[in-house]
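# Remarks on the overall topology
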Amino acid sequence: MKTAFITGATSGIGKATAELFAKNNIKLILCGRRTERLEKLQTKLSKLTEVTTLQFDVSRKEEVQTAIESLPENFKHIDFLINNAGNAHGLATIQEGSIDDWDAMLDINVKGLLYVTKAILPIMIHNNSGFIVNIGSTAGKDVYKNGNVYCASKFAVNALNKSMRLDLNDYNIRVSAIHPGLVETEFSDVRFKGDTDRARTVYSGYKALQAEDIADIINFVVTRPYHVNIEDLIVYPTAQASATMINKN
Ligand code: NDP
Ligand code: 8X3
């Protein structure tokens, strides 16, 4: 039985991945800040597989370390790390952007991913096996106007994905990234700070990717034979041809 550690499991892509993994009998370590959601998901998925939860903020390195050290013994053999927690804060030009938003994106999307990876790697290195799936973005492959710091954070994820593969090559650890285009989740609610009307317009007039589509791809990537490592995958909704070209009705 494999064990997966999923950050950002309380919503969107992380939650959909947890649900699919549970159906596939993968043991789950579900992480996020919102305790109530973690508990609800644990209750639901415990009917299908073994589940534990860790409540922590990925951008707080002490919290990350303490949480991971507190894992019960039977959850300490981690096969899959899904580095998914992340978000965008604001959509503004470089001259108008908020420094607090920039700090949040770099702290969560880049440093948070590093803190979690650093805390879990000793387990994978000891086991001489493991799989890290980094959730990047098409924003990590191409910039768009007003995307500046969010794009920079995802370019960093892309660079870290490549670097990790080099550094971990001696330890038989697989490293992959998925780079989604527009996925209809709570992402835009967070980006626009609860302005749900504005968030909804991001996904209106075309069929956006759904969280389940990305979960399916993550599941495909981790279920390849061990000698197969997919470096990365870029996934758009059919209506989206590039970061900014979307065929809307
Ligand atoms: P959601 O907002 O639906 O989910 C984000 C998840 O990240 C939540 O579970 C949230 O949990 C967690 N999270 C956010 N900040 C922190 C933090 N500081 N500490 C711990 N957990 C945190 O968005 P998505 O599912 O869309 O996003 C998942 C990933 O996919 C992100 O990395 C995002 O950048 C990426 N992505 C999204 C795309 C999209 O269009 N939606 C496209 C490309 C990439 P909680 O609030 O409980 O802590
Ligand atoms: C999320 C997709 O286009 O909003 O990473 O940057 S986008």
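The model shown is predicted, which means the values in this text are computed figures rather than measured ones. (Residues numbered from 1 in each chain as written. Chains lettered and ligands numbered in written order. Predicted model: local features only at pLDDT ≥ 70, side-chain atom pairs only at ≥ 80, totals over all residues.)

## Concerning the overall build of the chain
Using the following cut-off: Helix and strand assignments come from DSSP, with helices taken as H or I runs of at least 4 residues and strands as E runs of at least 2, each series counted from the N terminus. Atoms counted for the radius of gyration: C-alpha only. Globule rule: 2.2 Å times residue count to the power 0.38. Exposure is read from a count of other C-beta atoms within 10 Å of each residue's own; the residue is exposed at 12 or fewer, buried at 20 or more and partly exposed in between. C-beta atoms are placed from the backbone. Residues are scored as being in contact if the C-beta atoms we place from backbone atoms lie within 7 Å.
In terms of regular secondary structure, the chain is built from eight helices and nine strands. Relative to a compact globule of 249 residues, whose C-alpha radius of gyration would be 18 Å, the chain shows 17 Å and is just as compact. Counting only C-alpha atoms, the chain reaches 50 × 40 × 35 Å along its principal axes. Within the chain, the proportion of its 249 residues that are buried is 41%. For the chain, restricting intrachain contacts to residue pairs at least 6 apart in sequence, the fraction spanning at least 24 positions comes to 70%.

## Overview of the pairing of strand S2 (residues 27–32)
So the rule is basically this: A pair of strands is labelled paired if DSSP reports no fewer than 2 bridges between them. By the criterion used throughout, a crossover qualifies as right-handed when its path from the first strand across the helix to the second strand runs clockwise, the strands pointing away from the viewer.
For S2, the buried fraction is high: six of the six residues fall into the buried class. Of the two faces of S2, the one holding Lys27, Ile29 and Cys31 and the one holding Leu28, Leu30 and Gly32 are both buried throughout. Two strands pair when backbone bridges link them, and strand S1 (residues 3–6) and S2 are joined in this way by four bridges, in the parallel orientation. Bridge pairing in S2 places Phe5 opposite Ile29. In terms of handedness, the path from S1 via helix H1 (residues 12–23) over to S2 forms a crossover that is right-handed. For S2 and strand S3 (residues 51–55), the ladder comprises five bridges, and the chain directions are parallel. The residue of S3 that forms the bridge with Leu28 is Val51. Note that the unit made of S2, helix H2 (residues 35–45) and S3 has a crossover that is right-handed.

## Points about the nonpolar core
Threshold: Residues enter a nonpolar core if they are buried, belong to Ala, Val, Leu, Ile, Met, Phe, Trp, Tyr or Cys, and are joined to the set through C-beta atoms within 7 Å.
Counting residues in hydrophobic clusters, the biggest one holds 64 residues, and the most contacted among them are Ile6, Leu28 and Leu30. In terms of residue count, the dominant contributor to this core is helix H4 (residues 99–127) (eight residues). Not counting the four nearest positions on each side in its chain, Leu30 is found in contact with Ile6, Ala9, Ala18, Leu38, Leu41, Gln42, Val51 and Thr53.

## What to know about the packing of H4 against helix H5 (residues 148–167)
What counts, and what does not: Axis definition: a line fitted to C-alpha atoms, over the contacting stretch in the case of helices. Angles run 0 to 180 degrees between N-to-C directions. In these notes the angle categories are as follows: under 35 degrees is roughly parallel, over 145 is roughly antiparallel, 65 to 115 is roughly perpendicular, and the rest is oblique.
Contact geometry of H4 with H5 gives a least axis separation of 9 Å together with a crossing angle of 10°. By the criterion of interaxial angle, the relationship of H4 to H5 is roughly parallel. On the side of H4, the interface is formed by Trp102, Met105, Leu106, Asn109, Val110 and Leu113, while H5 contributes Val149, Tyr150, Ser153, Lys154, Ala156, Val157 and Leu160.

## Describing the confidence of the model for the chain
Atomic detail in the predicted coordinates should be set aside for any region of low pLDDT. Threshold: pLDDT is defined as a per-residue confidence score from the predictor, taking values between 0 and 100.
Residues with a pLDDT of 70 or more make up 100% of the chain, whose mean pLDDT is 98. The ipTM for the predicted assembly is 0.99, set against a pTM of 0.98.

## Points about the sheet that holds S3
Pairing in this open sheet of seven strands is parallel, and the strands run S3-S2-S1-S4-S5-S6-S9 from one edge to the other. What marks the edges here is a single partner per strand, and that holds for S3 and strand S9 (232–235). Each neighbouring strand pair of the sheet contributes to a mean axis angle of 15°, computed without reference to strand direction.

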